[in-house]
Amino acid sequence: MRVLLVEDDPMIGAAVQDALKEAAYAVDWVKDGLAANTAATTHPYDLILLDLGLPGKDGYDVLHALRAHGDPVPILILTARDALSDRLLGLDSGADDYILKPFDMEELLARMRAVLRRKEGKGAPILTNGSVSLDPVTREAAAPGRAPVRLTAREFALLRALLARPGAILSRSNLEDHIYGWGEAVESNAIEYIIHSLRKKLGSNVIENVRGLGWMVSKSG
């Protein structure tokens, strides 16, 4: 999944970026409100992590602009503003959740998973198409007749993208967007290599190749 991180503090931004990459998210990091607005309106994101005290354009202004244009992307506010009035304003302005600095990275990741489940209309944390299942917390996948297996970050990111939309065909560029952030080199044949590895771990029929279009997991499993 692709996340836009909007944070002007270099230490916090670097720490969050590293934690997100370790958790298999593709991350784009911007450091001011104007860049955030440009990025959010020109690239599709699964979730935005938004600081409030930003140079150039306040985080509230970014939030208001996105919601005014009808952008439904989930937004989780990261801020040191701990007044109740600030929390209420953020939530009432369209944020999906609000976490105070300093925060534990594990809590941030858990809140992100919860927000993404609500976006997808899913109550259970496990992603499944009725056959293959994927646990976002442990990064373990299971298929019929096979023991659960822990996936690498990129295997997890690719399978998560497919299981989020069973029956939908995702192209090479779609899958790369879920694996690579800005500035990361896209490796030649990386998608084929990751799919080959997933098939070895979970079975040859887990991911279907739709010639000339991309890859999918079946809707019914």
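Since the structure is predicted, the reported quantities are computational estimates derived from the model, not experimental observations.

**Q** How do you make sense of the environment of Glu184 when you look at a structure like this?
**A** When you line up the elements, Glu184 lands in the loop between helix 7 (172-179) and helix 8 (190-202). Accessibility expressed as a relative area gives 25% for Glu184, which makes it partly exposed. Distance in space between the C-alpha atoms of Glu184 and Val27 is 9.8 Å, their sequence separation being 157 residues. With residues up to four places along the chain from it excluded, the contact list for Glu184 reads Lys21, Arg154 and Ile179.

**Q** Is there a simple way to explain the layout of surface pockets in this structure?
**A** Empty pockets left among the atoms are what a rolling probe the size of a water molecule brings to light. What the largest pocket holds in volume is close to 430 Å³. What lines the largest pocket is a set of 16 residues, among which Pro44, Asp46, Lys119, Arg165 and His178 lie closest to the centre. Breaking the lining of the largest pocket down by element, the ones donating at least two residues are helix 5 (105-120), helix 6 (153-163) and helix 7. If one sorts the elements of the lining of the largest pocket by residue count, helix 7 sits on top with three residues. Each pocket or cavity is described by its volume, and for the second largest pocket that value is around 250 Å³. The wall of the second largest pocket is formed by 14 residues, among which Ala23, Leu109, Arg113, Val137 and Arg139 lie closest to the centre. Of all the secondary structure elements, the ones that give two or more residues to the lining of the second largest pocket are helix 1 (10-22), helix 5 and helix 6. The element best represented in the lining of the second largest pocket is helix 5, accounting for three residues. Looking at the lining of the second largest pocket residue by residue, the classes come out as seven nonpolar, one polar and six charged.

Rules used throughout
Residues numbered from 1 in each chain as written. Predicted model: local features only at pLDDT ≥ 70, side-chain atom pairs only at ≥ 80, totals over all residues. Heavy atoms only, no water. Helix = DSSP H or I, 4+ residues; strand = E, 2+ residues; numbered from the N terminus. Buried < 20%, exposed > 50% of the residue type's maximum accessible area, 1.4 Å probe, protein only. Contact = heavy atoms within 4.5 Å. 1 Å grid on protein atoms, 1.4 Å probe; cavity = no way out; pocket = protein on both sides within 12 Å on 5 of 7 lines; lining within 4 Å. Points joined across faces, edges and corners; volume = space filled by probe spheres on them. Nonpolar A, V, L, I, M, F, W, Y, C, P; charged D, E, K, R; others polar.

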